[in-house]
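Breakdown of the fold
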Amino acid sequence: MEQIQSYDILTYGLTAEETNQLQKNIPLNYSAFVTECFTDIIATPVSGIVVRIGKLSVNERDMLLDFFREIGDFSEVVILIGEISLPVNLRHKIKVFSCFELMKQQIRFIFMDAQRKQKKHQNFSVVVANTLFVLSAIRKTPGISTKKLAEKLEVSERSVQRYIETLRIAGEWIEYDAASKGWKLSVGKSVLWDDF
């Protein structure tokens, strides 16, 4: 059974009623929390933040924008409520709404889209990590079987075969050794590990 992951959204400058409305409009596996400390919206690892710009001082607003501009590629959803002119490099990354009501109408879809993207990213990362593990295991243990690799990774043997095919496409010379009934690097060296 797949475990349902929960996500946290931190709010700043919203009223208690707005936070309650937000909680009712976000996907079920999200929880909204209020902070009254500005640094929490930068320092706390969350899936999203919703900030009313008018509640920030000029210095806090500049610090917030500088923070996200500096890290460049961030995964959390950043929603600002109020009037603000964003730097060019943040315009497609930060969502700005003039009022809470407009944001409330779209909030569920924003976080559902973010969740889908995060899951896709996590799945890709798992595939890359597993593929590199297979290469490392074949390199360290020539003749290792598909079954043994599948057991170590806790995946199906078919998945291991896909990882091996991916490695072959990437330029690895991996072959099946009938004598040992397992996989080995054709010349005992790996292209990706820069053994040549």
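The rules we used
- Residues numbered from 1 in each chain as written.
- Predicted model: local features only at pLDDT ≥ 70, side-chain atom pairs only at ≥ 80, totals over all residues.
- Heavy atoms only, no water.
- Helix = DSSP H or I, 4+ residues; strand = E, 2+ residues; numbered from the N terminus.
- Rg over C-alpha atoms; globule rule 2.2 N^0.38 Å.
- Buried < 20%, exposed > 50% of the residue type's maximum accessible area, 1.4 Å probe, protein only.
- Contact = heavy atoms within 4.5 Å.
- Areas by Shrake-Rupley, 256 points an atom, 1.4 Å probe, with all protein chains shown as cover.
- Expected span 1.5 Å × (residues − 1).
- Arc of directions from axis to C-beta.

1. As for the overall build of the protein
Within the protein, the secondary structure is distributed over six helices and seven strands. Each helix (α) and strand (β) of the protein, taken in turn from the N terminus, gives the series β-α-β-α-β-α-β-β-α-α-α-β-β. Relative to the compact-globule value of 16 Å for 196 residues, the protein shows a C-alpha radius of gyration of 24 Å, a clear excess of over 25%. The C-alpha extent of the protein, read off along each of the three principal axes, is 70 × 40 × 25 Å. Each of the 196 residues in the protein was classed as buried or not, and the buried ones make up 37%. Long-range pairs, those at least 24 residues apart, make up 52% of the contacts in the protein with a sequence separation of at least 6. Here the protein has roughly 12,100 Å² of accessible surface; of this, 53% comes from carbon and sulfur atoms.

2. Structural notes on helix α6 (residues 157-169)
Along an α-helix, residues three or four apart share an orientation, since each turn contains 3.6 residues. The end-to-end C-alpha distance of α6 is 19 Å, a good match for the 18 Å that 13 residues give at a rise of 1.5 Å each. For α6, every residue scored as buried is listed here: Ser159, Val160, Tyr163, Ile164 and Leu167. Along the axis of α6, the buried positions cluster into a sector of 140 degrees, meaning they face one direction only. Looking at the buried positions of α6, the neighbouring elements they touch are α4 (100-140), α5 (146-153), β6 (174-177) and β7 (182-185). Just past α6, the residue glycine 171 takes up positive phi, approximately 110 degrees.

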